[in-house]
Amino acid sequence: MEIYWYIIIAVVLGIFFVLDGYDFGVGIIHLFFAKKEKDKVVIAKSAGLFWDSNEVWLVAGGGMLFMAFPTLYASAFSGFYLPLIIVLWLIIFRAISLEFRNKFNYQMWKDMWDKAFGISSLLLALFFGIALGNVVRGVNLGSVTNGISAYEAHYFFLPLWDSSFSPLTEHPGVIDWFTIIIGFISVVTLAIHGANWIILKTNSSVNTKLKSVVFKLTIVLAILTVFSLAIWQVVNPNSLNNFLDKPYLIIFPIIYFTGIIGLFFVKKFKKDIYSMLFSTLVILGGITSSLASLFPVILPSTNKVNNSLTIYNTSTSQYGLSVALFWGIIGIILMIIYAIVQYRFMKGKIDEMDYGH
Amino acid sequence: MNDMLFFDRLQFAFTITFHYIFPQLTMGLSLLIVYFKWKYLRTKIEKYNSAAIFFMKIFAINFTMGVVTGIPMEFQFGTNWAKFSELTGGIIGQTLAMEGLFSFFLESSFLVLFIFGEKLMGQKLHFLTGFLVFLGSWASGFLILATNAWMQHPVGYEILENGKYVLENFSALFKNPWLVPAFLHNQMASLVTSSFVVASIGAFYILRKKHVESGKLFLKTGVVFGFISSLLVAFPTGDWNAKNVVKYQPASFASMEGIFQSEKGGAEIVLIGQPNMVEKKLDNKIAVPNVLSFLTYQNWNQEIAGLDQFKEEDLPNNIPMLYYSYHIMVGLGTIFIGLMALSLFFLYRKKLFNSKPLLWFIMFLVPFPYIANLLGWYVAELGRQPYLVYGLLRTSVGVSPTVSSGNTLFTLLGFMGLYFLLGLLFLILVGKTINQGPRPTKI
């Protein structure tokens, strides 16, 4: 039963990163490449029309994580207290910048919210990558010093950084040289994804330029990926074990690399949707590969005293999980149907749409 | 109270208070929008349609604010109340996750369609999307109230050896005797807020001599719905809730009513007075003998347990605030009924649109239903103290064990700054929308 919920939550959060991922990416591209007012409007709109229905997936995923794995939710949310609250502030800032940008027709007002939208999107993308880096690296569960736990075995607290910025110390912080690299990977990936979305959904004047931006960023992404894989082994030496035990899991890294290879052909695609599909593969492949390398662990312990948090030692009762499966599946099917309806309804280029208002 | 607990509670209280400014309007307003749209479908008179669209704009601003201040609420269960989440997440996670999955989704999705889709969909589908927004926002209220009802009066659970609460009976969560009265009371109170807002904007337009036709419609609708909902808040829904409190949380009932000592031969109802916690009595008290016993038990002489009947450690830890919250809420509720009855009488005599003093009064009364709504929640939440889950799990147990008070103070200050900015933006935008007014009706 735990494994069903693990898959459901992974799917929901995966969809969240694919959907909200492009609107974070749109923010990053907006920050660096939108210069003309017409482009700024339409690029911001390509995120603004969708962000709240995309963030529904975050709220749903968070709620289900809370219900199914309450111990994990409690441990991770209190342990990553500061970064999570900062992420909240950024989400709030981003949302209001999208919603309020066009409410007044002053250049200063618009410029201010444009910058807020771009910077908060960039930082959010960075933080999401850093979060993934933290999960892969593991944390000092129980905050063990010299073999003695300061807290209960499944609690911890991470400062934003430790002065050494090293993932290999006894008490690493949220930001260290490993997690920041994963953060960069996330920023680059989402920037590519967002650029693909802009190319697909708008007639902005920078579309042609964005294709070569995607191409260049894909090169950066490939280099960063190779580099991170090497240090990944240093930070978490067990990360290949699952793939050796269960060779079929190799499908997930293959998805990731298929995505990267596909993106190199961005300028040759006849249809813009293809590059969007390949960046989706990169996101899904990246997340699933990381999860597969950890399974059934969700948050590894970096000390030898306390056990890692797994889907089995953090879940609620079997009855709770099974009764929730019933409404959970109905809910997710409804959400997927709605998402399809919404995207069909708003298909085509955004600047050509007539909303009747 | 140690620092950690204090700052965690203060941050939750601050963020939820700010958050609840918005849903209390959107829940009631969605019903009024459905009403306007329905009237339009029936009569084809354009002013109803333009009212529906105008208020959906107000709704949208409030909804955005509700969403962005609502996500921190879900997060804070984990960040600040980790132990509580760990122990009870298997139960309250059910209703909270359903809220995220069903209602938040319905609302946010169909709101977009309502705002952008009128031309594309045709009027009947447009009505349907409005109705689904209403359904989503009320389902949201229902599921949040179901979560809160479990904390007020836990049912359908089982406690494991390791102290964790797990679900034993899913349907019991929805058959909780606390749930339906609390939900109906809350929804009616939300309808009071939105009726007052609608009436207030109407009064403003009439006094301002701008958009007068719409103003008259808003005022009339606001007054009719305001009168009905103000009555329903007090009776029967408020009455049901009071009876639940006296039955399941007698100590908080005594605190709300300011009964320090149990009195044989019937309890008096306190109208005015200040709790004196040192001498354990009310200062400057004005009270009517035996009425409370009658209201609660329909028996003039029934004894009601006073604060002296309970152990010190089981009493709510902020009795004066609980007492004031309750008395101000009830006082305001009474004023609302009176004002709306008077307005309705003037409306019936066709004098409402010309009675300037009354219009000014209606216009400026708009903050008070917000205050009454928030104080109602203060009564519920302060009354539940010193427990998170009434009678079972103390508030002091629920905080995150690893988050220090310095970190919580840091984030609390951050939230205060950010929410101050949000509040300013909100007022500017709502002000601008109201100033623009509904789209002019051709004909």
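Residues numbered from 1 in each chain as written. Chains lettered and ligands numbered in written order. Predicted model: local features only at pLDDT ≥ 70, side-chain atom pairs only at ≥ 80, totals over all residues. Heavy atoms only, no water.

Enquirer: What should I look at first to understand the packing of helix 9 (residues 212-248) of chain B against helix 12 (residues 319-348) of chain B in this one?
Expert: Residues and elements named next belong to chain B. It is at 9 Å that the axes of helix 9 and helix 12 come closest, and there the two elements cross at 145 degrees. With respect to the hand of their crossing, helix 9 and helix 12 are arranged in left-handed fashion. Judged by residue contacts, K220, G222, V223, V224, G226, F227, S230, L231 and A234 of helix 9 engage F336, I337, M340, A341, S343, L344 and L347 from helix 12. Taken together, the residues of the contact of helix 9 with helix 12 break down into 11 nonpolar, four polar and one charged. (Axes fitted to C-alpha atoms, helices over the stretch in contact; angles between N-to-C directions. Helix = DSSP H or I, 4+ residues; strand = E, 2+ residues; numbered from the N terminus. Left-handed = near helix turned anticlockwise from the far one by under 90°. Contact = heavy atoms within 4.5 Å. Nonpolar A, V, L, I, M, F, W, Y, C, P; charged D, E, K, R; others polar.)

Enquirer: How do you make sense of a nonpolar patch on the surface when you look at a structure like this?
Expert: All names here are of chain A. Taken together, I3, Y4, I7, V11 and Y312 make up a surface patch of nonpolar side chains, about 480 Å² in accessible area. Along the chain, I7 falls in helix 1 (residues 2-33). Residue I7 is classed as partly exposed on the basis of its relative accessible area, which comes to 47%. (Patch = residues over 30% accessible without salt bridge, like charges linked within 9 Å, V, L, I, M, F, W, Y side chains within 5 Å. Areas by Shrake-Rupley, 256 points an atom, 1.4 Å probe, with all protein chains shown as cover. Salt bridge = Lys/Arg side-chain N within 4 Å of Asp/Glu carboxyl O. Buried < 20%, exposed > 50% of the residue type's maximum accessible area, 1.4 Å probe, protein only.)

Enquirer: What is the right way to read the side chain of T395(B) from this model?
Expert: All names here are of chain B. If you trace the backbone, T395 turns up in helix 15 (residues 395-398). Judged by its relative accessible area of 4%, T395 falls in the buried class. Excluding anything up to four places from it in sequence, T395 contacts L5, R9, W81, Q385, P386, Y387 and L388.

Enquirer: I tried to follow a positive patch on the surface on my own but got confused; where do I start?
Expert: Taken together, the side chains of K35(A), K115(A), K209(A), K216(A), K267(A) and K268(A) present a region of like positive charge at the surface. Mapped onto the fold, K35(A) is located in the loop between helix 1 and helix 2 (37-48). (Lys, Arg positive; Asp, Glu negative; His and termini not counted. Charge placed at Lys NZ, Arg CZ, Asp CG, Glu CD.)

Enquirer: Just checking my understanding: could you explain the interface of chain B and chain A for this structure?
Expert: Much of the literature gives interface size as the accessible area that the parts lose upon coming together. Listed per partner, the contact involves 65 residues of chain B and 62 residues of chain A. Here chain B meets chain A over a buried area of about 6,000 Å², counting both sides, of which 77% is carbon and sulfur. Here K83(B) and E152(A) are joined by a salt bridge, their closest N and O atoms 2.6 Å apart. At the surface where chain B touches chain A, the tally comes to 16 residue pairs in polar contact (both at pLDDT 80 or more). (Buried area = accessible area lost by both parts, 1.4 Å probe. Polar contact = N/O pair within 3.5 Å; in protein donor to acceptor, adjacent residues only side chain to side chain.)

Enquirer: What exactly am I supposed to notice about the pattern of salt bridges here?
Expert: Pairing between side chains of opposite charge can happen when their charged atoms approach one another. In this structure the tally under the stated criterion is 19 salt bridges over all chains. Linking D314(B) and R394(B) is a salt bridge whose minimum nitrogen-to-oxygen distance equals 2.8 Å. Here the residue D314(B) occupies a position in the loop between helix 11 (291-297) and helix 12, and R394(B) occupies one in strand 6 (residues 393-394), the gap between them amounting to 80 residues. The partly exposed category is assigned to R394(B), whose relative accessible area is 28%. Ionic pairing is found between E381(B) and R384(B), a salt bridge with its closest N-O pair at 2.7 Å. Of this pair, E381(B) and R384(B) both sit in helix 14 (residues 367-384), separated by three residues, roughly a single helical turn. What makes E381(B) partly exposed here is its relative accessible area of 25%. For R384(B), a relative accessible area of 4% translates into the label buried. Among the charged side chains, a salt-bridge network with shared partners connects D20(A), D23(A), E55(A) and R94(A).

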